[in-house]
Amino acid sequence: MHMIEDGNTAAALGVKLCRATVIAAYPITPQTPLTEKLSEYVESGEMKAEYIPVESEHSALAVCIAASSAGARVFTATSANGLLYMHEQVQWASGARLPIVMCVVNRAVGAPWNVWNDQQDSISQRDTGWIQIYCADHQQIIDTVIKAYWLAEKVNIPIMVCYDGYILSHTTMPFDLPDQEKVDAFLPPFQPEYALNPDEPANLNTVTLPDVRVDVYGELAHGYMEIRYLLQEDLRTTLQVAAEAEKRFAEIFGRGGDPYIEPYRCDDAEHVAVGMGSITYQMRVCVDALRNEGIKVGVMGVRFYRPFPDETIAYALQGKKSVIVFEKALSYGYEGALASDLKSALYEHLAGTGALPSVQNFIAGIGGREIRTEDLTHALRAATRGRVSKEPLWIGIKL
Amino acid sequence: MGTRSYKRKTSHSEPGPGDGGRTGSWRVERPVLDQSLCIPCKRNKEACYICWLFCPEIVISRTIPPTFDLEYCKGCGICAEECPTKAITMVDEAHFAEKEKDKE
Amino acid sequence: MNKDFIEIRWHGRGGQGAITAAKIVAGAAFVSGYPGVVMAPTFGTERRGAPVMTSLKISREKIYDLSPIETPDIVVVLDHLLLNEADVTHGLKPGGIIVLNTPLAHDFYHFKNYQLATADVTAISVEAGLPHGMVNTGIIGSLEKATNLLGLDILIKNIDEEFKTRKPEKNSRAAKIAYKRTVTED
Amino acid sequence: MQAKTNILNLPTREFVHPGTRACTGCGLAIAYRIGLKALGKDTMLIVPPSCLTVLQGLFPVASTKLPCLNVTFASTAAAATGILAALKTQGKKHISVAAWAGDGGTSDIGLQALSGAAERGDNFIYFCYDNEGYMNTGAQRSGTTPIGAVTANTPFKGKQQQKKDVPAIMAAHKLSYVAACSAAYPLDLYDKIKGCVNLPGTKYFHIHIPCPPGWGYAPRYGIKIGRLAVETGYYDLYEIVHGEFKLTAASAKLVEKRKLIPVREYFRSQSRFKILTDDQIAAIQTEIDAKWAGYYKKDE
C-alpha cells in the first residue's frame, strides 16, 4: 500500500510492523514525532507493546538493554545530544551483544545549540561496535528498520538506522507500506540464545578478567579480550549476513539492491561522488547536470558505514580518476571520517595497481546550512578538473 | 592458549561456589566451638543459631552442633562476637599450622 | 506553467495549518499520477503565530532533490499581513501565480509579472462553520481555482480523508465556497 | 501485621554461594544473603558497579544463584523498568524484580534514574545498601557519607557536609513503601521485604551497612557497630507505608525505653571518625536528642 507521510512516520510504521514489544524514548528534536507516533500506536492498542516514557536518553537505552536481556524485541530513537548522552549505554549494548534497533535522526551536536541536520551525532558513535546504516529516502527508512531487526537478531549486534533530521524526518514523501503478513514471513519472533530466567540463572556482564578463566564446569571461558575480538569478528562477517538479509528481503518484498552501497551512473564514470544519506540522492541531480555538460561523473551512496564494506567500495571505485567525498560531519583536527575510511579502503585494495583514485573531501550542511544543489554541482564540477585541496573544503561557508 | 569453542560471546557467568577461590586461606583466626556452651548442643534441639544468621560467608551450618566450612570461612569473627554464650572462640591459625605440621 | 514539475511555496503562520494544507495537496497530487511528491516544512522551532514556510514539489518522476524551493511556480499566502513581513514573491518564476487570502479586493493589489488570485478565505471559512482563523482547507479551493492543477473533486476527497475525525464536511464546504469565490486575473 | 520472623523459621535456602570476593566481615554480605531469602527464587536482580559487583563474582563464575543483570552505574532503576516491561509483555507475572545498588550508585549517580522509575511507579524493589562511601574504589566520600567521616578524598578534615537523606527524597515521590534497615537487624529487613512485596509501584529500602575497611574497625565488630548506630539513635529503623511513618524493631523499642546510648560510643568505635572533636560530637548529640524528643512526643 502506498502512503504519503514523513520519514519519522515511516520509521514508526516499520517498528510497528516488526512487532517490537518494548519501546523506550526521551523526546528530542527532530526524533520526537517518531516516538510520539509509537506512543499513539501503543495507547490506541494498534500495537501490543510497552511504551516507557523515560527520564533521559541514558535510561532509554538502559530500558532497551535490560528488556532485550530479558528477551524482548526493543526499540528506541534519538538525535544529537541525546545520542551523546547515551554513549556509555551504546557501548554497553554492543558489548552485551543485544540486538537493539535504534533510529538516529541525524542532527548537529552542541555547543552551540542547533536543532538542524548534520551527521556529527552518529559519526561520533562510529567506533562503538554498532552496525550503522544510512538511509536516503523514506522507503529506505521503513525497509531498513525491518531488515535491521532481522540482521541484528541474526548476528546479535545492535543497529543504528540513521536518517537525516528534518530533510527526511519531517519531509512528506510517498513510500510503500509493506504488508504485515510479508513482514511476519520475513522476520520471525525474537528468540534469544539466552534471556534472564530464574530457572536458568546467570549473571550477565560481570567483571571479566584480562585473561581467560575456567568456568564452573571446568572448561576454559574467554577473557575480556576474546569477547571484544569476537564482536569485531562478527561485525566483519555481518557484511555477508547483510547480503543474505537483502536477498531474503528482495524475495519477499520485490525490491532491494546492493546492501552496502547505492551507485548511480558510476559504471562508466571517471569521477565518483560519495556520501551518506539524503545528500547522495540530491547529488543525482548534480550528476545528471554534469553529464549533460559531458563530464563523466556518478554518485555512490554508502549505506553501510559500520561494518565498513571496504572491499566493495574499493573495487567499485577502482580505476576512477577521482573520488569526491561529501560529508556532513568531521573528525575534528583532520578530515571527514568517511574520507579517511575511504582512503584506507582504497589503499588497502588498490595500492600499487595503478588504479588508485585521488580523493577530495567536501564538508557540507553543517548545522543545517542549506545545501544548494547548484553549489554541490559547482563543487563536483571543480573537483573533476583536478584535486582542489588537501584540506577538506566547506561548501557554502561564509567567512 | 584459549579455545575457539567458547560457549558464548558474552560475559555470562553461572552460579558456583568459590569465585574468590578457597577463601579459607584469607583467615588469620579460626572459629572453634565449645559444645558445652553452645545452646543447640546443650539443649540438643534447634535453637539460637545467631552464628548462622550473621555469618556473611554462609559457612556455618544450621545443625547440632553448628559446623564451620573452613574451606571458605574467612575468619571474620562475627560469630564469636555475637554468640550469646561465648561458645565460639577465635584461635590463631598459626596454632593449627603447627598441629597440622605435627601430623605429617 | 510546466505541469510535469511544479513547485509551490506556502506562507502561513504557526498554527494556521499550512503544513496540513500542503500535505492534502501532496496526497491529491500523488493519486492524480504524480509519483514524485515532496512536502517539506521550514525546519526548526515553529511557534504559534510566527511566519512559517512550507514547500511542495510535484513531479511526474521520483524527486531526488529535497532542497528547499528556490524558484516556485506558485506561492500560497494564508494571511495577507504576511506581505508586510515576508518576501513572498522571492524567486517566483515570471508569470507565476500568487494565491492570497485577503479581506481586500483583488484590484487593491498590483503584482507586476505575476498572476494574482484572491479570496477572503477567513470569512468564507467562518461561513462554512469553521472556527475563526482556520483557513487551511479553504485556501485549497482558491489554489485549485487559480491553477486548475488537480481538480476540485480529488482535493475535496483528500480534505475529507484528512479531517475524517474532525468535521470533514465543514472543511470541504470551505474549500468549495472558496473555489467559487476566488477572484483571478481576467 | 504479619507474624515476625525469627531465626528458627527463617528459610534455610541460600541464594549465595560461599567463597565470595567480599571483604572479611562484609556487612553487605549479610544483608544481601537475608534479602535474597526474602525475595525468593523467582526474582531477577539488577546490579550497577559497586561492592556487590565484586561479591557477585568475576566471569565466568557467579556467586548469586539468581539471574542478575549488571548494568552501568547511572542506569540501575531504568534497567529495572526494562526488565519489568519485558516480563509484562511475556506475561510472566510471578517474577519480581529487585535492584541492589550502593549509596554512591543511588544517592549520587543513580538518583535521576531512580527518581524516574519511582515517578513512573514501576513495580520493583530498590535496595540501596549504604556503607556510606565509594568503598569499592577505596572509600571516597559519597552523598551519604556522614559529616565528620574521614574518607580517601576527605583525608584530613573529614566530610564537611551532611548525609543526604535519600529515604526522605524517595518518600517525597509518594511511594507505597520506604524502609530504613540495617545489616545488624537482618530479621527486620526480612520482615519488611516480605511485608511490602504486594504493595504497588516502586518500593525503596535503605540499608545501613557496616564496612570494616571503609569505617576502620576489626571485622568481628561489624554487627555491634551497626547495632550501636541504632541504639544511639544515630541511624533509625523505620518504614513509611503509604506516607505513614513508623519506627520499627530496635528503634521502636528505644521509644519505649526512652534511653539512648551516647553517640560518642558509636563514633569512637570507628577510626573514620577519629578527627571528630568532643564539641562536634556534642553538637551531633544535641541533634539526635532533638530528633528523638520529636519521636517521644509523637508517642505520648
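In case you missed it, the structure is sitting above this.
Residues numbered from 1 in each chain as written. Chains lettered and ligands numbered in written order. Predicted model: local features only at pLDDT ≥ 70, side-chain atom pairs only at ≥ 80, totals over all residues. Heavy atoms only, no water.

Peer 1: Please explain the pattern of salt bridges as it appears in this structure.
Peer 2: Think of it this way: side chains of opposite charge can pair up when their charged atoms draw near. According to the stated counting rule, one finds 63 salt bridges over all chains in the structure shown. In this structure, R120 of chain D engages E55 of chain A in a salt bridge whose closest nitrogen and oxygen atoms are separated by 2.8 Å. Note that R120 of chain D is positioned in helix α5 (residues 111–120) and E55 of chain A in the loop between β3 (50–53) and α3 (57–69), a pairing that runs across two chains. You'll find R120 of chain D and E55 of chain A in the same group, each marked buried. For D19 of chain B, the salt bridge identified is with R213 of chain A, shortest N-O distance 3.0 Å. Here D19 of chain B is found in the loop between β1 (12–15) and β2 (29–33), whereas its partner R213 of chain A is found in strand β10 (residues 213–214) on a different chain. For R213 of chain A, a relative accessible area of 17% corresponds to the buried category. (Salt bridge = Lys/Arg side-chain N within 4 Å of Asp/Glu carboxyl O. Helix = DSSP H or I, 4+ residues; strand = E, 2+ residues; numbered from the N terminus. Buried < 20%, exposed > 50% of the residue type's maximum accessible area, 1.4 Å probe, protein only.)

Peer 1: I keep staring at the nonpolar core and nothing clicks. Help me out?
Peer 2: Judged by nonpolar contacts, the single largest core of 225 residues is most densely connected at L34 and F75 of chain A together with I83, W100, F127, F205 and Y266 of chain D. Looking at this core element by element, the count peaks at 10 residues for helix α6 (residues 138–155) of chain A. Excluding its chain neighbours within four sequence positions, the residues that come into contact with L34 of chain A are N8, A11, A12, F75, A77, C103, V105 and Y163 of chain A. Ranked by size, the runner-up nonpolar core spans 46 residues in total, among them A26, L78, I140 and A146 of chain C. (Core = buried A, V, L, I, M, F, W, Y, C linked by side-chain atoms within 4.5 Å. Contact = heavy atoms within 4.5 Å.)

Peer 1: Help me understand the side chain of D236 of chain D, please; the structure alone is not making it clear to me.
Peer 2: Residues and elements named next belong to chain D. Assignment of secondary structure puts D236 in the loop between α9 (222–231) and β8 (238–241). At 2.9 Å, the side chain of D236 and the side chain of K291 are in polar contact. Within the local environment of D236, its side chain forms a polar contact with the side chain of Y295, the two groups lying 2.7 Å apart. (Polar contact = N/O pair within 3.5 Å; in protein donor to acceptor, adjacent residues only side chain to side chain.)

Peer 1: Before we go on, may I ask you to explain the interface of chain D and chain A in this structure?
Peer 2: The partner chain A presents 42 residues to the 41 residues of chain D that form the contact. Contact with chain A buries surface across chain D, with F59, N70 and T72 of chain D losing the most and accounting together for 19% of the total. Counting the contacts that link chain D with chain A gives three salt bridges. With its nearest N and O atoms 3.6 Å apart, the salt bridge here joins E50 of chain A to K88 of chain D. At the junction of chain D and chain A, the tally comes to 14 residue pairs in polar contact (both at pLDDT 80 or more). Counting residues per element, the ones that place at least two in the side of chain D that touches chain A are β1 (43–47), α2 (51–56), β2 (61–62), β3 (68–70), α3 (76–90) and α5 of chain D. With 10 residues, α3 of chain D is the largest single contributor of residues to the side of chain D that touches chain A. One ladder, built from two bridges, connects strand β9 (residues 203–204) of chain A with β3 of chain D; its direction is parallel. Among the inter-strand pairings, L204 of chain A is bridged to a residue of β3 of chain D, identified as L69 of chain D. (Buried area = accessible area lost by both parts, 1.4 Å probe. Pairing = 2+ DSSP bridges.)

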